[in-house]
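Observations on the three-dimensional arrangement
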2 protein chains.
Amino acid sequence: MNGKCEVTLVHPEVVQRVESLLESREKIYDLANCFKAFADETRLRIMNALLYDTLCVCDLAKLLDMTQSAISHQLQYLRQVNFVVSQKVGKVVYYRLADDHIEQIIKVGLEHIEEGGKYER
Amino acid sequence: MNGKCEVTLVHPEVVQRVESLLESREKIYDLANCFKAFADETRLRIMNALLYDTLCVCDLAKLLDMTQSAISHQLQYLRQVNFVVSQKVGKVVYYRLADDHIEQIIKVGLEHIEEGGKYER
DNA sequence: CTTTTATATGAATGAATGTTCATATATTCA
DNA sequence: TGAATATATGAACATTCATTCATATAAAAG
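Residues numbered from 1 in each chain as written. Chains lettered and ligands numbered in written order. Predicted model: local features only at pLDDT ≥ 70, side-chain atom pairs only at ≥ 80, totals over all residues. Heavy atoms only, no water.

**Points about the environment of Tyr94(B)**
- The topology assignment puts Tyr94(B) in strand 3 (residues 92–97).
- Separated by 38 residues in the primary sequence, Tyr94(B) and Cys56(B) place their C-alpha atoms 4.2 Å from one another.
- There is a polar contact of 3.0 Å between the side chain of Tyr94(B) and the side chain of His11(A). (Helix = DSSP H or I, 4+ residues; strand = E, 2+ residues; numbered from the N terminus. Polar contact = N/O pair within 3.5 Å; in protein donor to acceptor, adjacent residues only side chain to side chain.)

Pasting the structure below:
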């Protein structure tokens, strides 16, 4: 038993019922994109910082001890998934979190790992 | 202004205050690992299915129309981050979600994209 | 005990992705 | 206008990662 769809042992009733409940592929795709924003240390650190204040690119670079370029690239990424919004004041661009789903998701994630949900092996 | 730490415009008070509030690097690392589990379509589809029932590897392969091998690899991944637990019954291995943080996180993610938080540009 | 079946797993491969480097843009200040 | 500064961005490079393929393990059935 190996190749795609050459599956022999299935529980047809269960499979059929679950199938009708699944989210659409498109929504799953969008969801994966959404979670990719959280799946990187640098982006998480940026969001973590923005939980507490609005910050400019330089502030973030200083805070994370990383180059302006690296921070800026990640901020563009976070802007594309609508996790941050920016406001330009003169030369300086200030970033803040776009909504509080970010805080919620980070909080639940922390709960999970604090209850032993860490990577193992 | 370019290289690491050659930052000139910073808001020192703000940076210092935020710095004291940040999660530890270790926790951020664990958190990123945790979210990586959600950052892939296949794993999301698996978790989506397991929201509704306990399923064996064959069920999942059928449901997602993917090879047994691909599903199995991802299930091992999900087991390492403690997102699923398995139970062997004869030759068959049944998988279910380990806790309800997974459901919570998926729910908040869906809320985000349904409120316009999709990828843009 | 041999065959079949369900699952696991190591290695290889191709695709996706984060950082760096160089440079572009835009705004302030002299 | 010209120099300095804050940020953005494209290309290159290195790394990470998901799937495939081949094969191993383990349980059931004949």
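**A closer look at the pattern of salt bridges**
- Applying the stated criterion to the full structure yields six salt bridges over all chains.
- We note a salt bridge from Arg25(A) to Glu41(B), for which the minimum N-O separation is 3.4 Å. Here Arg25(A) is found in helix 2 (residues 25–36), whereas its partner Glu41(B) is found in helix 3 (residues 41–50) on a different chain.
- Assessed through its relative accessible area of 47%, Arg25(A) is described here as partly exposed. (Salt bridge = Lys/Arg side-chain N within 4 Å of Asp/Glu carboxyl O. Buried < 20%, exposed > 50% of the residue type's maximum accessible area, 1.4 Å probe, protein only.)

**Regarding unusual backbone geometry**
- Even without glycine at this site, Asn82(A) takes up a positive phi of about 60°.
- By the secondary structure assignment, Asn82(A) is in the loop between helix 5 (68–80) and strand 2 (84–89).
- Since its relative accessible area comes to 19%, Asn82(A) is described here as buried.
- In this structure, Asp65(B) takes a positive phi of about 55° despite not being glycine.
- Along the chain, Asp65(B) falls in the loop between helix 4 (57–64) and helix 5 (68–80).

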